[in-house]
Amino acid sequence: MHKTTHDGGMLTEAEVGPMTGADAGDADSWRKRDLAVLWHPCTQMSEHPHTLPLLPIARGEGPWLIGRDGRRYLDAISSWWTNLFGHAEPRIAAAIARQASTLEHVILAGCSHAPAVELAERLLGIAPREAGRQPLTKVFFADNGSAGVEVALKMAFHWFRNRGVEGRTKFIALDNGYHGETLGALAVGDIPLYRRVYAPLLAEALFAPSPDAYLCEPGETPADRARRAADGLRALLERHADEVCALILEPRVQCAGGMRMHDPLYLKLVRELCDAHGVFLIADEIAVGFGRTGTLFASEQAGVQPDLLCLSKGLTGGALPLAAVLATQSIYDGFLDESREKAFLHSHSYTGNPLACAAALATLDIFASDDVIARNRVTSQRMAALAAPFAAHPHVAEVRQAGMIVAFELTRNGNKATAFDSAARIGLRAYRAALERGVLLRPLGDVLYWMPPYCIDEEALLLLATTTRAAIDHAIEEAGACA
């Protein structure tokens, strides 16, 4: 049996992978089985199976996903921004297999194991550092990004309470920010689609102006915008500093908010303001860490160090769920006491899972052996060259880039003030058109973006660029025809 590739070539059954039984090679059969039992994340299930295509995936290989029907799809979004080095990366897979034959899991309360200790040591060794500031010295593991944010929020609040300061119960977050969908993380998020329904359940947070450079006034630079947003934060802190325990932000890129980007100057100004008002700075680098924005951690671009650093997604190269929260010694010391009520009793059953830690250690080994950041600079330059012509497209209001992330803001006439009506579903139309051409582009509203695995090569980059252009044109044409 042979299957067609994305470019019209053929895959043998061996290349596709084993498919046996009544549904061998039958993607429709898998769709029916899936929809009979699964409830998918971040999905209006009524859109399946017609409006939103469901892709039964058999396996992955490098930057490619291979469907049950043998079709290949370029994973241009790194499977929700998790995958760094490609699917089925053999070094990560081997590390997991070795660990699985020794110790698959053990409770981390009262026990210890080498992968957790070694990973904590290595993370602290590469974490952002700022001259004259107490370094990050302790690591608390969690299961996923949202859980990591919950840990950091609780630590910040609880630290003040342990010191007898009970009035600091609020957090400051940024307009258009996103930090996850558990209730604590959702409370410091500002994307209405996710937040609005659950608002009655959420703790009160304060929101500061976003430094988003897309919001620049005419003649204003991204640095000017950063200063203006920092002025708004300063005013907020002056009114509420005694109520605030921490500020949380996504350094450099508000990812779920539409890949909106800001000048690193903002991070420096925020660090200064947090220090001036005795407020902890939480850096959510869950999506932007591990090389996505051009440096290992986005905070490095401003030369700042947070008090709490949240990591996940790329931490394991996309292989297994794991999160880490890095904290300063003074935060850790604030929980040391004879009273258990002053201990940080937050827990997850799979905290510090040895398999996930082994995957993360293999990921850090790849960074060390392959000079990933230097290689990414070359790839990001090529991505910039391929993206540049889109700026002249009549329906692209902005092309923006931070390292290995490129985003295209689509509007009716290329003007920031003329967004498409939501009913036009431009992003969804572009998504479907790209799938037909063998590229997985999952839009954020009407923002298309590239965030591919770092192993993407020239041929795949060319496919990504040509497909994105064709998908935009098809979406606009189809929406016009349906108007």
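The structure this text deals with has already been given above.
Residues numbered from 1 in each chain as written. Predicted model: local features only at pLDDT ≥ 70, side-chain atom pairs only at ≥ 80, totals over all residues. Heavy atoms only, no water.

Draft legend 1. The arrangement of the pattern of salt bridges in detail. For the structure on display, the rule yields 26 salt bridges. Its salt-bridge partner being Glu89, residue Arg91 comes within 2.9 Å of it at the nearest N-O pair. What makes Arg91 partly exposed here is its relative accessible area of 38%. The shortest N-O distance in the salt bridge between Arg91 and Asp370 comes to 3.1 Å. Of this pair, Arg91 sits in helix α4 (residues 90-100) while Asp370 sits in helix α12 (residues 354-370); the two residues are 279 residues apart in sequence, bridging distant segments of the chain. The class for Asp370 is partly exposed, based on a relative accessible area of 24%. (Salt bridge = Lys/Arg side-chain N within 4 Å of Asp/Glu carboxyl O. Buried < 20%, exposed > 50% of the residue type's maximum accessible area, 1.4 Å probe, protein only. Helix = DSSP H or I, 4+ residues; strand = E, 2+ residues; numbered from the N terminus.)

Draft legend 2. Representation of the pairing of strand β9 (residues 244-249) within the structure. Within β9, 6 of the 6 residues are buried, which leaves the element mostly enclosed by the surrounding structure. Note that strand β7 (residues 170-174) and β9 share 3 bridges and pair parallel. Within β9, the residue paired with Phe171 across the bridge is Ala246. Both β9 and strand β12 (residues 280-284) contribute to a ladder of 4 bridges, which runs parallel. (Pairing = 2+ DSSP bridges.)

Draft legend 3. Expanded view of the packing of aromatic side chains. Scanning the entire structure with this criterion turns up 14 aromatic pairs. Residues Trp159 and Phe280 carry aromatic rings whose centres are separated by 5.0 Å and whose planes lie at 75° to one another, so their mutual orientation is edge-to-face. Pair noted here: Trp159 is in helix α6 (residues 145-162) and Phe280 is in strand β12, with a separation of 121 residues, a long-range link. Both residues of the pair, Trp159 and Phe280, belong to the buried class. The structure contains a cluster of three or more aromatic residues connected by ring pairs, namely Phe85, Phe290, Phe297, Phe367 and Tyr454. Directly above the aromatic system of Trp64 lies the positively charged group of Arg72, at a separation of 4.8 Å from the ring centroid. Over the aromatic face of Tyr332 sits the side chain of Lys138, whose NZ or CZ is 4.4 Å from the ring centroid. (Phe/Tyr/Trp six-rings, centres within 6.5 Å; stacked < 30°, edge-to-face > 60°. Lys NZ or Arg CZ within 6 Å of the ring centre and 35° of its normal.)

Function cannot be inferred from these measures alone, as they are strictly geometric.
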